[in-house]
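Okay, here's what each chain looks like letter by letter:
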Amino acid sequence: MMAPISKSHLTRLLNKYDAATTNTDKGKFFTDTAEYVFKKISGLTLSARDAIDDPGEHELDLAFWNDQTKLGLPFLPHILLLECKGTQDAVGTAQINHFATKVQARALSHGILIAANGVTGSANGRRNANAALRHHLAQRVSIVVITRAELEILTDSSELIALLKQKLTNLAVGRAV
């Protein structure tokens, strides 16, 4: 079932993010935004937020259980990790590599990076974060990047599902990330 994404609620969440004066608050409000949008997808249940793993090596921003319902995300695995980066700058190679390590350490094949300002490098380039995304894909780890601008235009869950499908396809065929 398609679930509407309230434009006014999304705007309120992003206004809190914009008004935040500390990196901690910015991170919290950006994660709130990602959580709100992804909870609209049928079959996704939030399992953990801001969780630290037992060795204390990794913080996991959001972890969802995916029931793989027909109207949800049947093309993605049962466990989905989301990393939220509300930084002013585009996400760089080191951050991509760190998130991919979190995904790989849990024997997962997919991760979703919500990056307020995208990733470094040209979309079709062979350098910077885009190159890191392609490198991890060759290692069987698909990292899908969604930007703030892409979140802001969503009106319902079916648009988010379509965006994820398009991003995965683009990643697989070596086109714009």
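Remember, predicted model here, so these are calculated numbers, not experimental data. (Residues numbered from 1 in each chain as written. Predicted model: local features only at pLDDT ≥ 70, side-chain atom pairs only at ≥ 80, totals over all residues. Heavy atoms only, no water.)

(A) Local environment of unusual backbone geometry. For D50, which is not glycine, the phi torsion reads 50 degrees and is therefore positive. Considering the arrangement of structural elements, one finds D50 in strand 1 (residues 44-52). With a phi angle near 70 degrees, R140 is a residue other than glycine that sits in the positive phi range. A relative accessible area of 71% places R140 in the exposed class. (Helix = DSSP H or I, 4+ residues; strand = E, 2+ residues; numbered from the N terminus. Buried < 20%, exposed > 50% of the residue type's maximum accessible area, 1.4 Å probe, protein only.)

(B) Layout of the nonpolar core. One finds F38, I114, I146, L160 and L164 to be the most contacted residues of the largest nonpolar core, which totals 33 residues. Breaking this core down by element, the ones donating at least two residues are helix 1 (7-19), helix 2 (23-38), strand 2 (59-66), strand 3 (79-85), strand 4 (110-115), strand 5 (142-147) and helix 6 (157-172). Counting residues per element, this core draws most heavily on helix 2, which supplies six residues. Once you skip the residues sitting within four places of it in the chain, I146 turns out to touch F38, I112, L113, I114, A115, L151, L160, L163 and L164. If you look at the next biggest cluster of nonpolar residues, it comprises 17 residues, including I96, V119, A129 and L133. (Core = buried A, V, L, I, M, F, W, Y, C linked by side-chain atoms within 4.5 Å. Contact = heavy atoms within 4.5 Å.)

(C) Spatial organisation of the environment of A19. By the secondary structure assignment, A19 is in helix 1. On a C-alpha basis, the gap between A19 and F29 in space is 9.7 Å, while along the polypeptide they are ten residues apart.

(D) Geometry of the sheet that holds strand 4. As summarised here, the arrangement of the five strands in space is 1-2-3-4-5, forming an open sheet in which the pairing is mixed. Every interior strand has two partners, whereas the edge strands, strand 1 and strand 5, have only one. The average undirected angle you get between the axes of adjacent strands in this sheet is 25 degrees. Two elements, strand 2 and strand 3, share four bridges in a ladder whose sense is antiparallel. Counterpart to A63 in the pairing with strand 3 is L81. (Pairing = 2+ DSSP bridges. Axes fitted to C-alpha atoms, helices over the stretch in contact; angles between N-to-C directions.)

(E) Inspection of the packing of helix 3 (residues 93-105) against helix 4 (residues 128-138) at higher detail. At a minimum axis separation of 8 Å, helix 3 and helix 4 run at an interaxial angle of 25 degrees. In terms of their interaxial angle, helix 3 and helix 4 are classed as roughly parallel. Considering the relative orientation of helix 3 and helix 4, their crossing is right-handed. In this structure, helix 3 uses T93, I96, N97 and A100 to contact helix 4, whose residues at the interface are N128, A129, A132, L133 and H136. Here the contact of helix 3 with helix 4 is built from residues that sort into five nonpolar, four polar and no charged. (Parallel < 35°, antiparallel > 145°, perpendicular 65-115°, else oblique. Left-handed = near helix turned anticlockwise from the far one by under 90°. Nonpolar A, V, L, I, M, F, W, Y, C, P; charged D, E, K, R; others polar.)

(F) Seen up close, helix 6. The terminal C-alpha atoms of helix 6 lie 23 Å apart, and with 16 residues this matches the ideal 22 Å at 1.5 Å per residue to within 8%. Along helix 6, the positions that sit buried rather than exposed are S157, L160, I161, L163, L164, K167, L168, N170 and L171. Residues of helix 6 that are buried sit in contact with helix 2, strand 4, helix 4, strand 5 and helix 5 (148-152). Phi turns positive, to about 75 degrees, at G174, one or two residues after helix 6. (Expected span 1.5 Å × (residues − 1).)

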